[in-house]
Structure formats: C-alpha cells, structure tokens
Amino acid sequence: MAIQAHLVELERKHKVLENELHEALLHPSTDDLQIAELKRRKLMVKDEIERLKQATETLH
C-alpha cells in the first residue's frame with residue numbers, strides 16, 4: 001500500500017523537523033528566520049499527513 005508507506009515517511013519527516021526545531025529553540029543564537037522556516041516546513045508536512053489520512057478514510 002503506497003499511501004501507507006508515504007504516510008509513514010511523512011510522519012518520520014515531521015518528527016525529524018520537530019527535533020530540529022526543538023534543538024534550534026534551545027540555542028539562542030538561532031536565527032528567527034531559520035526557526036520560522038522549520039515551523040513552516042513542519043506545518044506543511046503535517047497538512048500533507050492530514051490530507052492523506054482524510055483521503056484514505058474516504059476510500060474505505
């Protein structure tokens with residue numbers, strides 16, 4: 001099931017971005033633009049996960 005594999009990969013990416021964001025927030029020298037970019041990318045991945053979950057629910 002390709003969609004399920006894609007969901008697993010997106011969830012992994014989301015977790016990686018979450019960890020990167022956490023690490024960036026721990027360091028006061030981190031640029032605000034870098035933090036904003038990490039948050040934006042994390043949100044995009046989360047939105048894609050939700051879209052795929054909704055699409056698979058409508059198939060069942």
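Below you will find a few notes about this structure. (Residues numbered from 1 in each chain as written. Predicted model: local features only at pLDDT ≥ 70, side-chain atom pairs only at ≥ 80, totals over all residues. Heavy atoms only, no water.)

1. Remarks on the overall build of the protein
For step 1, the next point in the chain: The number of helices and strands found in the protein is two helices and zero strands.
For step 2, the next point in the chain: Against the 2.2 N^0.38 benchmark of 10 Å for 60 residues, the protein shows a C-alpha radius of gyration of 14 Å, more extended than a compact globule.
For step 3, the next point in the chain: Considered along the principal axes of its C-alpha atoms, the protein spans approximately 50 × 15 × 10 Å.
For step 4, the next point in the chain: By the burial criterion, 22% of the 60 residues in the protein qualify as buried.
For step 5, the next point in the chain: Split by element, the accessible area of the protein, about 4,700 Å² in all, is 57% carbon and sulfur.
For step 6, the next point in the chain: In the protein, which carries 10 positive and 12 negative side-chain charges, the distance between the mean positions of the two groups comes to 1 Å. (Helix = DSSP H or I, 4+ residues; strand = E, 2+ residues; numbered from the N terminus. Rg over C-alpha atoms; globule rule 2.2 N^0.38 Å. Buried < 20%, exposed > 50% of the residue type's maximum accessible area, 1.4 Å probe, protein only. Areas by Shrake-Rupley, 256 points an atom, 1.4 Å probe, with all protein chains shown as cover. Lys, Arg positive; Asp, Glu negative; His and termini not counted. Charge placed at Lys NZ, Arg CZ, Asp CG, Glu CD.)

2. Topic: the nonpolar core
For step 1, the next point in the chain: Leu7, Leu10, Leu17, Leu21, Ala24, Ile35, Leu38, Val45, Ile49 and Leu52 form the largest nonpolar core, which has 10 residues in total.
For step 2, the next point in the chain: When neighbours within four sequence positions are excluded, leucine 21 is seen to be in contact with Ile35, Leu38, Lys39 and Lys42. (Core = buried A, V, L, I, M, F, W, Y, C linked by side-chain atoms within 4.5 Å. Contact = heavy atoms within 4.5 Å.)

3. Quick look at the pattern of salt bridges
Side chains carrying opposite charge are able to pair once their charged atoms draw close together.
For step 1, the next point in the chain: In total, this model carries six salt bridges according to the counting rule given.
For step 2, the next point in the chain: Between glutamate 18 and lysine 15 there is a salt bridge, and its shortest N-O distance comes to 3.6 Å. Taken together, the residues span about one helical turn, with glutamate 18 and lysine 15 both in helix α1 (residues 2-26) at a distance of three residues.
For step 3, the next point in the chain: If you follow the salt bridges from partner to partner, you end up with Lys15, Glu18 and Lys42 in one network. (Salt bridge = Lys/Arg side-chain N within 4 Å of Asp/Glu carboxyl O.)

4. Section: α1
At 3.6 residues per turn, the α-helix brings residues three or four places apart onto the same side.
For step 1, the next point in the chain: For α1, with 25 residues, the first-to-last C-alpha span of 36 Å sits near the 36 Å given by 1.5 Å per residue.
For step 2, the next point in the chain: When we look at burial in α1, the residues that qualify are Leu7, Leu10, His14, Leu17, Leu21 and Ala24.
For step 3, the next point in the chain: Tucked inside the fold, the buried residues of α1 contact α2 (32-59). (Expected span 1.5 Å × (residues − 1).)

5. Observations regarding the packing of α1 against α2
For step 1, the next point in the chain: For the pair α1 and α2, the least separation of the axes is 9 Å and the interaxial angle reads 155 degrees. Comparing the axis directions of α1 and α2 gives the class roughly antiparallel. The chirality of how α1 crosses α2 is left-handed.
For step 2, the next point in the chain: Per-class residue counts for the contact of α1 with α2 are 12 nonpolar, three polar and 10 charged. (Axes fitted to C-alpha atoms, helices over the stretch in contact; angles between N-to-C directions. Parallel < 35°, antiparallel > 145°, perpendicular 65-115°, else oblique. Left-handed = near helix turned anticlockwise from the far one by under 90°. Nonpolar A, V, L, I, M, F, W, Y, C, P; charged D, E, K, R; others polar.)

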